[in-house]
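Structural overview for review
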Amino acid sequence: MFKSTLLRAGGLSAVARTALRPSLYRPLSAAFMSTEIRKAIEDAVGSAPVVLFMKGTPEFPQCGFSKATIGILGQQGVDPTKFAAYNVLEDPELREAIKEFTEWPTIPQLFVNEEFVGGCDVIKSMARSGELTELLEEADVLVPEDPVESAEKPAEKQ
């Protein structure tokens, strides 16, 4: 059932797949989340083009990995109107269920256009390679460039 959810959402990104190392990844125990929590997660994932399940809030992240991920999304220029964050510390059931939903053992977890992208290490790697910028541009979730500012920049001389 969880594989079909990932496939329906486009599956794991290439970076997320390569980040799974057998020594670090343990299949989660089959807790079988409730229908209600599954629906709540699906609704949350669909609530904005960019969705982050994190510890804390964007203003007050409660772990270094969540803070780093928020920082990267800010540096990339993600439009706040196209972004939603969910604090897993407020709901222990959500904290465990999101891991089961994605079959990913850590928090934070990033979704773009309802596709699970990965956690902090994956996001860092994608940011370094330029893959994150491409993904966010294709998803049209970046703050648009200010046309006034663009017009004021002098053209490069050739």
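Residue numbers run consecutively from 1 along every chain, following the written order of its sequence. Given that the model is predicted, a residue must reach a pLDDT of at least 70 before its local features are reported, and side-chain atom pairs must reach 80 or more before they are shown or counted; all residues, however, enter totals for whole chains, interfaces and linings. Water and hydrogen atoms were dropped before computing side-chain values, which therefore reflect all heavy atoms in the structure.

1. Some words on the overall build of the chain
Secondary structure is summarised from DSSP: a helix means a run of H or I of at least four residues, a strand means a run of E of at least two, and numbering begins at the N terminus for each. Along the chain, the regular secondary structure elements total eight helices and four strands. Helices and strands appear in the chain in the N-to-C order α-α-α-β-α-β-α-β-β-α-α-α. The cut-offs for exposure are 20% and 50% of the maximum accessible area for each residue type, with area from a 1.4 Å probe on protein chains only; residues under the lower value are buried, those over the upper are exposed, and the others partly exposed. Looking at the 158 residues of the chain, the share that counts as buried comes to 39%. In the chain, the proportion of contacts linking residues at least 24 apart, taken out of those at least 6 apart, comes to 71%. Residue contacts are counted whenever heavy atoms from the two residues lie within 4.5 Å of one another.

2. Some remarks on the pairing of strand β1 (residues 50–54)
Burial analysis of β1 places five of its five residues in the buried class, the great majority of the element. Covered by surrounding structure in β1 are V50, L52 and M54 together with V51 and F53, the residues of both alternating faces. Handedness of a crossover: with both strands directed away from the viewer, a clockwise path from the first strand across the helix to the second marks it as right-handed. Between the parallel pair β1 and strand β2 (residues 83–87), the chain is carried across by helix α4 (residues 64–76), and the sense of this crossover is right-handed. Bridge count for β1 against strand β3 (residues 109–112) is four bridges, and the pairing is antiparallel. Bridge assignment links V50 to a residue of β3, and that residue is V112. Note: two strands are recorded as paired if DSSP finds a minimum of 2 bridges between them.

3. Points about the confidence of the model for the chain
How sure the predictor is of each residue is captured by pLDDT, a score from 0 to 100. Model confidence for the chain is summarised by a mean pLDDT of 83, while 73% of its residues fall at 70 or above. Contacts from residues 1–29, a stretch scored under 50 in pLDDT, to residues over four places away or in other chains number 45 contacts.

4. Some thoughts on the packing of helix α6 (residues 120–129) against helix α7 (residues 131–138)
Put simply, α6 and α7 touch, their axes get as near as 4 Å, and they point 90° apart. As summarised for this structure, α6 and α7 are arranged roughly perpendicular, according to the angle between their axes. Taking contact as the criterion, the partners of I123, M126, A127 and S129 in α6 are, on α7, E131, L132 and L135. In terms of residue class, the contact of α6 with α7 is made up of five nonpolar, one polar and one charged. Fitted lines through C-alpha atoms give the axes, limited to the stretch in contact for helices. The angle between two N-to-C directions lies from 0 to 180 degrees. Orientation labels follow simple angle bins: below 35 degrees gives roughly parallel, above 145 gives roughly antiparallel, 65 to 115 gives roughly perpendicular, and whatever is left gives oblique. Residues were grouped as follows: Ala, Val, Leu, Ile, Met, Phe, Trp, Tyr, Cys and Pro as nonpolar; Asp, Glu, Lys and Arg as charged; and all remaining residues, including Gly, as polar.

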